[in-house]
Each structure stands twice: as structure tokens, then as C-alpha cells.
Amino acid sequence: MDNLKKPEMLKYFMSGYFNQSVSWSDLEGLATDFKEREPKSMVKQLISELKMLQDVLQKGDKETWREIEKYVHEYSMRYLDFEDGPEFINTVLKAIQ
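A word on the overall build of the protein. Summing up its helical and strand segments, the protein has five helices and zero strands in all. Taken from N to C terminus, the helices and strands of the protein fall in the order α-α-α-α-α. Compactness check: the protein gives a C-alpha radius of gyration of 12 Å against a globular reference of 13 Å for 97 residues, within 12% of the reference. Each principal axis of the C-alpha atoms in the protein carries an extent, and together these give about 35 × 25 × 20 Å. Here the protein, with 97 residues, has 43% of them falling under the buried criterion.

This part is about the nonpolar core. Counting residues in each nonpolar core, the largest one holds 30 residues, and the members touching the most others are Leu10, Phe13, Leu46, Leu50, Trp65, Phe88 and Val92. Going through the elements one at a time, helix 1 (8–16), helix 2 (27–37), helix 3 (40–58), helix 4 (62–76) and helix 5 (85–96) are the ones with two or more residues in this core. Examining the composition of this core, we find that nine residues originate from one element, helix 3, more than from any other. Here Leu50 is in contact with Leu10, Phe88, Ile89, Val92, Leu93 and Ile96, once residues within four sequence places are set aside.

Here we come to unusual backbone geometry. For residues besides glycine, phi is generally negative; the peptide bonds are generally trans as well. Although it is not a glycine, Met77 adopts a positive phi angle of roughly 60°. Mapped onto the fold, Met77 is located in the loop between helix 4 and helix 5. Residue classification places Met77 among the partly exposed positions, given a relative accessible area of 44%.

Analysis parameters
Residues numbered from 1 in each chain as written. Predicted model: local features only at pLDDT ≥ 70, side-chain atom pairs only at ≥ 80, totals over all residues. Heavy atoms only, no water. Helix = DSSP H or I, 4+ residues; strand = E, 2+ residues; numbered from the N terminus. Rg over C-alpha atoms; globule rule 2.2 N^0.38 Å. Buried < 20%, exposed > 50% of the residue type's maximum accessible area, 1.4 Å probe, protein only. Core = buried A, V, L, I, M, F, W, Y, C linked by side-chain atoms within 4.5 Å. Contact = heavy atoms within 4.5 Å.

What follows is the structure, given as C-alpha cells:
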């Protein structure tokens with residue numbers, strides 16, 4: 001992840017909203033809560049970071065994704081593996097755009 005900006009808003013979302021204490025089935029509602037509660041600038045930043053993650057997935061860059069996964073896990077205790085990435089990104093983007 002050296003060449004990528006660390007996704008600080010993703011870290012915030014994962015630690016504060018979608019940490020290990022909640023179910024995947026709650027993701028869309030949590031993303032909606034994030035959109036309603038947080039400043040628009042934070043929502044825009046999360047959208048930007050999610051689009052960066054989409055690029056990593058589309059390139060099939062599993063090495064960079066593993067670094068992102070480690071970073072996310074450090075703050076949320078949740079694993080976001082390569083195979084679950086598209087579902088996570090699409091669900092959150094759908095709820096916050």
C-alpha cells in the first residue's frame with residue numbers, strides 16, 4: 001500500500017460502524033447511518049476511497065488488497081478478503097451515493 005494513500009475514512013467507517021460486532025446483513029443500514037450522521041465531506045472521502053479499492057480489485061492486485069485488509073483488520077478486527085471486496089464496496093456505495 002506504499003503507493004496508495006491510506007484509506008483513513010474507510011478505517012473510520014470500519015472501526016465505528018462496521019466492526020466485528022455487527023453482521024454483514026447490517027452493512028447497508030450502517031452505511032445509510034453513516035451518510036445521515038457524518039458531514040458530507042466525510043461521505044465524499046469514503047466514496048473516493050471505495051472507488052480506489054474498486055480499482056485495486058479490477059486490476060486483480062491481491063498483494064495491495066492484502067495490505068488494505070491488514071490495515072482494516074488492525075482497526076476493526078474484521079477481515080475484508082478479496083472475494084468479499086466487491087460486495088462490500090457495492091453495498092456501501094449504493095447506500096451512500
